[in-house]
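Commentary on secondary and tertiary structure
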Amino acid sequence: MVKFKDFQGAAGTVRAAGGSVVYEFADLGVIAARLPEAALASLRHNPNVEYVEDDPIRQMLAQTTPYGIPMVQADLVAFDGANSGSCKVCIIDSGYYTQHEDLQISNVTFTTDSGTGDPETDLCGHGTHVAGTVAALNNTAGVIGVVPTGGIQLHIVKVFGDDCAWRYSSDLINALNKCTAAGSKIVSMSLGGSFSSKTESNAFANAYNSGVLSVAAAGNDGSTRKSYPASYDSVISVAAIDSTKTVAAFSQKNDQVELAAPGVGVLSTVPWVGASLTVGTTKYLAAGIAGSKTTDGTSGVLADGGRCASSSTGAFSGNVVLCERGDISFRDKVNNVAASGGVAAVIYNNVSGNFAGTCDDGTGTNCNAIPAISISQEDGQALVAGSLGKTGTVVNSTAAGSGYEAWDGTSMATPHVSGVAALVWSNFPGKSNAEIRSALQQTAQDLGAAGRDTSYGYGLVQAKAAYDLLAGGSTCTPTTEICDGIDNDCDGQVDEGCSSGGGITLTASGYKVKGVQHADLSWSGATSTSVDVYRNGAWITTTANDGAHTDNIGNRGGGSYTYKVCEAGTTNCSNDANVSF
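Report on the accompanying structure. All values derive from a computational prediction rather than experimental measurement.

1. As for the overall build of the protein
A tally of regular secondary structure across the protein gives eleven helices and 28 strands. For 581 residues, the compact-globule estimate of 2.2 N^0.38 gives 25 Å, and the protein sits close to it at 26 Å. Expressed as lengths along the three principal axes of its C-alpha atoms, the size of the protein is roughly 85 × 55 × 50 Å. The buried share of the protein, taken over its 581 residues, is 51%. In the protein, of all internal contacts separated by at least 6 residues, the share reaching a separation of at least 24 is 70%. Across the protein, the centroid of the 32 positively charged side chains sits 4 Å from that of the 54 negatively charged ones.

2. Some thoughts on the environment of Gly 314
Summarising the element assignment, Gly 314 is placed in the loop between β17 (295–304) and β18 (319–324). Assessed through its relative accessible area of 43%, Gly 314 is described here as partly exposed. Considered as a pair, Gly 314 and Asn 202 are 112 residues apart in the sequence and their alpha carbons are 67 Å apart. For Gly 314, the contacting residues outside a window of four places in its chain are Ala 339 and Ser 340.

3. Structural notes on the side chain of His 518
Among the secondary structure elements, His 518 is positioned in strand β23 (residues 516–524). Note on His 518: relative accessible area 13%, which makes it buried. For His 518, the side chain forms a polar contact with the side chain of Asn 552, separated by 2.7 Å.

4. A look at the sheet that holds strand β24 (residues 530–535)
Strand order in the open sheet formed by four strands is β25-β24-β27-β28, and the pairing between neighbours is antiparallel. The outermost strands of the open sheet, each flanked by one partner alone, are β25 (538–544) and β28 (577–580). Geometrically, the sheet is characterised by an average inter-axis angle of 25° between neighbouring strands, direction not taken into account. Across five bridges, the pairing between β24 and strand β27 (residues 560–567) is antiparallel. Paired with Arg 535 across the two strands is Tyr 563, which belongs to β27.

5. Some words on the pairing of strand β11 (residues 213–217)
The buried count for β11 comes to five of five residues, which makes it a mostly enclosed element. Neither face of β11 is exposed, since Leu 213, Val 215 and Ala 217 on one face and Ser 214 and Ala 216 on the opposite face are all buried. Two strands pair when backbone bridges link them, and strand β10 (residues 186–189) and β11 are joined in this way by four bridges, in the parallel orientation. Looking across to β11, one finds that Ser 188 is bridged to Val 215. For the handedness criterion, the β-α-β arrangement of β10, helix α6 (residues 198–209) and β11 is classed as right-handed. Bridge analysis of β11 against strand β12 (residues 235–241) gives four bridges, and the strand direction is parallel. Counted as the bridge partner of Ser 214 is Val 235 from β12.

Reading the values: the criteria
Residues numbered from 1 in each chain as written. Predicted model: local features only at pLDDT ≥ 70, side-chain atom pairs only at ≥ 80, totals over all residues. Heavy atoms only, no water. Helix = DSSP H or I, 4+ residues; strand = E, 2+ residues; numbered from the N terminus. Rg over C-alpha atoms; globule rule 2.2 N^0.38 Å. Buried < 20%, exposed > 50% of the residue type's maximum accessible area, 1.4 Å probe, protein only. Contact = heavy atoms within 4.5 Å. Lys, Arg positive; Asp, Glu negative; His and termini not counted. Charge placed at Lys NZ, Arg CZ, Asp CG, Glu CD. Polar contact = N/O pair within 3.5 Å; in protein donor to acceptor, adjacent residues only side chain to side chain. Pairing = 2+ DSSP bridges. Axes fitted to C-alpha atoms, helices over the stretch in contact; angles between N-to-C directions. Right-handed = clockwise from strand over helix to strand, strands pointing away.

Right under this line is the structure:
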């Protein structure tokens, strides 16, 4: 966009320089144009040109689809308008915040377990987060769930009180009875414990024999120890994977693990305002940095602090400061912003997606002088590129309201499976719980060791593949989509986002320099002059097709990354190559 001091003849000037006029904004004195490099240089040196700026991209940001929804195939056209009302899901947890903007579902019923309080409140937030993954509405706000149509039936049993404290096995049995009494076909339990109970085992076996399908979290110890009720034969035990389909370090691994689902950084609903950044009319979803100041709103002009690795008194006086993740601790970044006069810190990720951060360095110290929140790499880079100098308002609040946070745990994986079971079963109401369970097993995307294993069970649950099997189709075993005219990933679409299937071969190796992560990539088989490099599904750079590239990741500690390279501007891509630290 080219701003002219004198607009008369501006369009002609752009064309004479070799540009193509797209819009003429006479009231602003601006021409929007497509400009080759030579025209760009010529106009920047024209004495009648006040400034030349990039025309930044704008896209719909009002609602976000968490990565887990397409990963379990819940977003495919086969489920548009699906009959979700025929399959009631009972969620045994800490309650359900009925006022949340994304949980205004018409058919929700409640019962209270003994002594836990009103099930239509949820001070813990756990039950509301689980419910959002199952059923958050496809509206204009927040996120969407596995079954987002609003027609799903939910029954809520509040087994955990507002103190979020543990309960007994007998409390869970009582809650299970309330689920079955309410006519629930699926029981979702993001909970568990280390010791089995004959009575509890018999209760779940009876429920299964009566046609109920129970789903529970495998546990978060990161060990081979079994957790219950997940490890009873009558219950589906769910492991957690991340956005690269790698089992989470915390996910328990044993021979009772049956299915895997997204459980790392799962964005869903919480019953408090939570964290956000608002710039103009756009609200960016965020997570609070633990240990920072809580506030219902702090405003200031956005400024770019780089990685906020140092402080300079007054440099950011009154500013909301954008800081990229990396190099130093979150606590030091926030304290540097505060020492520089900043009123709030917004830390954006240095890899794709958002993250959860804390100011506690193990010594109990914090950074509570100013509020601090985290946002995704994509949002952070867009703000640095196009919103500096605009006013931003940071919220980091525990006040009741419609909030969103990304949480980790097999508790977060469980509702993905519960939701998929409901989505599939609602389309085949005549099938038994055993038939639905078998279909989910047969069509899961095999991950890890071939066949069923202790980390992933049968693999990643796949809604569309199970639907196709029950509809009379053949069992499809999902693999990487390659450009061969076949639906390799079993999602009902052919060759979407496909790779060349061997035309480009990629290898990757990771290493650290003074604790900082780096990855060396090597490839062959690309024929274009340049290639696009992707990390965890997100583009990071375009580079010469010379067969090698080093990605200076910048993180410290652990982490897993999946890379691919594609001939620039095409979907002709390599295999995926993984690096773990």
